[in-house]
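# Structural overview
Each chain, letter by letter, is given below.
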Amino acid sequence: MELLNSIFVAPFVDMAAYPDFLIQVIWEGFVAGVLYSLIALGFVLIYKASGVFNFAQGIMVVFSALALVSLHEAGVPAWLAVVLAIGIMGVLAVSIERLVLRKLVNQHDAILLMATIGLTLILKGVGELIFGGEPKPMITEQLGLPTGSTDWEVFDGIVIFQHIDIAAAVIAVLMVMALGVFFSKTRIGRALRAVADDHQAALSVGISLHQIWAIVWFASGIVALVTGIMWGARSEVSFALEIIALKALAVLILGGFTSIPGAIVGGLLIGIGEKLFEVYWGALFGSGVEAWFAYVLALIFLLFRPQGLFGERIIERV
Amino acid sequence: MADKTPDSQIQNDIILSVNNIEVIYDHVILVLKGVSLHVPKGGIVAILGANGAGKTTTLKAISNLLHAERGEVTKGSIEFRGEEVQSLSPNELVRRGCIQVMEGRHCFGHLSIEENLLTGAFTRKDGNAAIKKDLEMVYQYFPRLRERKGSQAGYTSGGEQQMCAIGRALMSKPSMILLDEPSMGLAPQLVEEIFDIVKQLNVDTGVSFLLAEQNTNIALKYATYGYILESGRVVLDGTGDELRENADVKEFYLGTGGEERRSFRTVKHYKRRKRWLA
Ligand SMILES: Nc1ncnc2c1ncn2[C@@H]1O[C@H](COP(=O)(O)OP(=O)(O)OP(=O)(O)O)[C@@H](O)[C@H]1O
Ligand SMILES: [Mg+2]
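Residues numbered from 1 in each chain as written. Chains lettered and ligands numbered in written order. Predicted model: local features only at pLDDT ≥ 70, side-chain atom pairs only at ≥ 80, totals over all residues. Heavy atoms only, no water.

A word on the pairing of strand β1 (residues 14-25) of chain B. Residues and elements named next belong to chain B. Counted residue by residue, β1 has 11 buried out of 12 residues, so it is predominantly covered. Note that β1 and strand β2 (residues 29-40) share 9 bridges and pair antiparallel. Within β2, the position partnered with L16 by the bridge is V39. A loop of 3 residues connects β1 with β2, the two strands running antiparallel in sequence, and D26 in this loop sits at a positive phi of about 50°. (Buried < 20%, exposed > 50% of the residue type's maximum accessible area, 1.4 Å probe, protein only. Helix = DSSP H or I, 4+ residues; strand = E, 2+ residues; numbered from the N terminus. Pairing = 2+ DSSP bridges.)

Shown next as structure tokens:
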């Protein structure tokens, strides 16, 4: 009786009694979800265009953010550090295409996955060597990102919105829109979608897979840098972030590996879901629900809907 | 290579020459065992043969799409407009004017018809105006594509997809199109329509065609020259008329000849006959 009450009754009573707090929880979950979505988005870009499951997406977030912060520490002005960090992701993308993908083309998927695991270890090793292993604060103010917060008085209480969180959400939306335009309106974007649909046919019309692969890795490198900046601004930049980035896997299972809308919705669902669960039901499980909630949700999905929420429809003509 | 290249005085008029090539898949499966063929500028040449004869392999050897299937040209040479092409990527070959329309059309299913056509212009550098103009030209040849230009290619009919695939190739401004089984799975009337357009394109724009077909009847009606392929070898070649009149071709490929001989090589080939006629 006691148990049923704490599962089915008490949490909802709580929610209704303090709606301002409920809003706060949802907002926090939403912002975390935006970041999960962005990491998953980087995955989806690469997976769609090259069929490579890029295990290194999480470390790319850390690596790009560390590069940015370290450049600034070394005396480079913030805006120039951003440009250089983007440049570094570009060089990384081209090198990965030249040195890894090109050599392994036509190999089994598992071999490509291994290669990206190898890449993860290399980026981590090189990153620690160059940037050091200790966490660094993000250069939030130097980048012109807002700090501080706004209180919203509602339902006899207040909800606090950190300005950096609002900025993260706005920037994420803008970036997704920019990607959308890029994919649907540009020559390269069209070629990317063509490659995602049919490699062979894309080759046959003269689309260079090498070029396209380098471009998608670069694009997801930029997504990684933006994610790293936002995440770093909320906490700090450290390799611990990589673990959290693994939650993007759960997001992918929810959203489907090839769907950009899926990555976004999946990320938000997991972000909001785990926060709600942690706050209202967490006590039942002891603490630390946030660490596993995403994976359990993903498992449930694997059992009942393995193609994900938005797994791309396979066109079958009759 | 000392092989059967044509007389040097006509070499200038040859756009594509394949000289005695051998193709091996997966390092062990020998599929082409010395194939030679030539396409004159502005010609329509057909490669004929049954399932598994090596038609697609020949076309992919030329367009360099073999690598993606772990196939390799191990002997012989291929020259497109006098240039050895074996070291070129498909991308470079398309830039030089040689493009393949793959067997089974391979349209980009999630792209609209018009987007499909535009991907064909990927390698072009001559600006949007020129590309627009060619898009218009493709729509003139295939009015049906204009009607369906906003539809996702994956949901269009087989005939429309074939038209889309040919139109997409045209958008690259090719001088040579390698056309793999355009008739596959289409109603006879539609096959006729597509071949008519191919002929029209050939006459109007001078683009050369090398087409692979199982449908010998229709192919020989439109081709100026044909090669018959059996298990990786050319067993017979000649002008369209010569082949149509040839007793063996009549029997095994057109189904109109006598009964006493069974095949160029082996008797078991008679089994295939039904399929060629189908
Ligand atoms: N990727 C591959 N790996 C191994 N063998 C292959 C491969 N592709 C084709 N083959 C073999 O090569 C031979 C010739 O195939 P090809 O596709 O060129 O024939 P085709 O004349 O085009 O036949 P169809 O009329 O059925 O299209 C076949 O025996 C086939 O099994
Ligand atoms: Mg074939």
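After presenting the structure, the write-up continues.
What follows deals with the interface of chain B and chain A. Where the parts come together, the accessible area they lose is often given as the size of the interface. In this complex, chain B contributes 32 residues to the contact, which on the side of chain A involves 24 residues. Among the residues chain B hides against chain A, the three largest losses belong to B:F108, B:H110 and B:F122. Together they make up 29% of the total. Linking chain B to chain A there are 1 salt bridge. Its salt-bridge partner being B:E115, residue A:R193 comes within 2.6 Å of it at the nearest N-O pair. Joining chain B to chain A, the criterion identifies 6 residue pairs in polar contact (both at pLDDT 80 or more). Within the residue set of the side of chain B that touches chain A, elements represented by two or more residues are α2 (90-95), β6 (98-101), α3 (113-119) and α6 (158-170) of chain B. Here the side of chain B that touches chain A is composed, by residue class, of 11 nonpolar, 15 polar and 6 charged. (Contact = heavy atoms within 4.5 Å. Buried area = accessible area lost by both parts, 1.4 Å probe. Salt bridge = Lys/Arg side-chain N within 4 Å of Asp/Glu carboxyl O. Polar contact = N/O pair within 3.5 Å; in protein donor to acceptor, adjacent residues only side chain to side chain. Nonpolar A, V, L, I, M, F, W, Y, C, P; charged D, E, K, R; others polar.)

All names here are of chain B. Residues in close proximity to ligand 1 total 15 residues, the closest being N51, K55, T56, T57 and Q214. N51 is positioned with one of its side-chain polar atoms (N or O) 2.7 Å from an oxygen atom of ligand 1. One nitrogen or oxygen atom from the side chain of E103 is found 3.0 Å from an oxygen atom belonging to ligand 1. Within the complex, the protein chains bury 69% of what would otherwise be the 630 Å² of accessible surface of ligand 1. Broken down by secondary-structure element, the contributors of at least two residues to the shell around ligand 1 are β2 and α1 (55-63). Here the element with the most residues in the shell around ligand 1 is α1; it accounts for 3 residues. (Near = heavy atom within 4 Å. Areas by Shrake-Rupley, 256 points an atom, 1.4 Å probe, with all protein chains shown as cover.)

All names here are of chain B. Taken as a whole, chain B is organised into domain 1 (11-97 + 175-277) and domain 2 (107-173). At the junction of the two partners, domain 1 supplies 18 residues and domain 2 supplies 13 residues. A combined buried area of about 1,300 Å² lies between domain 1 and domain 2, and 71% of that area is made up of carbon and sulfur atoms. Sorting the residues of domain 1 by area buried against domain 2 places R95, I197 and L201 first, and these three jointly supply 32% of that buried surface. There are 1 salt bridge connecting domain 1 and domain 2. Close ionic contact of R144 with E193 constitutes a salt bridge, the shortest N to O distance being 3.4 Å. On the surface where domain 1 and domain 2 come into contact, there are 3 residue pairs in polar contact (both at pLDDT 80 or more). (Domains from an automatic or database assignment.)

Moving on to the sheet that holds strand β3 (residues 44-48) of chain B. For sheets, the rule is that strands pair by backbone hydrogen bonds, running either parallel or antiparallel. Residue and element names in this part refer to chain B. As summarised here, the arrangement of the 6 strands in space is β6-β7-β8-β3-β9-β10, forming an open sheet in which the pairing is mixed. Bordering the open sheet on either side are β6 and β10 (233-239), each of which pairs with just one other strand. For this sheet, the mean angle separating the axes of adjacent strands, direction not counted, is 15°. Pairing geometry for β3 and strand β8 (residues 208-213), over 5 bridges, is parallel. Residue pairing in the sheet places A46 in a bridge with L211 of β8. Packed on one face of the sheet, α1 meets β3, β6, β7 (176-180), β8 and β9 (225-230) and runs near 150° to β7. Against the sheet, helix α7 (residues 188-205) engages β3, β7 and β8, with an angle of about 155° to β8. (Axes fitted to C-alpha atoms, helices over the stretch in contact; angles between N-to-C directions.)

This paragraph deals with the packing of aromatic side chains. Under the defined criterion, the tally for this structure stands at 16 aromatic pairs over all chains. Residues A:Y36 and A:W231 carry aromatic rings whose centres are separated by 6.1 Å and whose planes lie at 55° to one another, so their mutual orientation is tilted. Of the two residues, A:Y36 is situated in helix α2 (residues 19-50) and A:W231 in helix α9 (residues 209-234); the sequence distance between them amounts to 195 residues. Aromatic side chains B:F195 and B:Y222 sit 5.3 Å apart centroid to centroid with 35° between the ring planes, which places their arrangement in the tilted category. Of this pair, B:F195 sits in helix α7 while B:Y222 sits in helix α8 (residues 216-222), and the two are 27 residues apart along the sequence. Of the residues examined, B:Y222 reaches a relative accessible area of 10% and is grouped as buried. Through a chain of ring-to-ring contacts, three or more aromatic side chains come together here, namely A:F21, A:F277, A:Y280, A:W281, A:W292 and A:F293. Its guanidinium or amino end placed over the ring of B:F122, A:R187 lies 4.3 Å from that ring's centre, counting from NZ or CZ. (Phe/Tyr/Trp six-rings, centres within 6.5 Å; stacked < 30°, edge-to-face > 60°. Lys NZ or Arg CZ within 6 Å of the ring centre and 35° of its normal.)

Turning our eyes to something else, we now look at the sheet that holds strand β4 (residues 71-80) of chain B. All names here are of chain B. If you walk across this open sheet you meet the 4 strands as β2-β1-β4-β5, and the pairing is antiparallel. The open sheet has two free edges, formed respectively by β2 and β5 (83-84), since each of these has just one partner strand. Looking at chain direction, β4 and β5 are connected through 2 bridges and run antiparallel. From the neighbouring strand, F80 faces β5, where its bridge partner is E83. Against the sheet, α1 touches β1, β2 and β4, its axis set at about 115° to β1.

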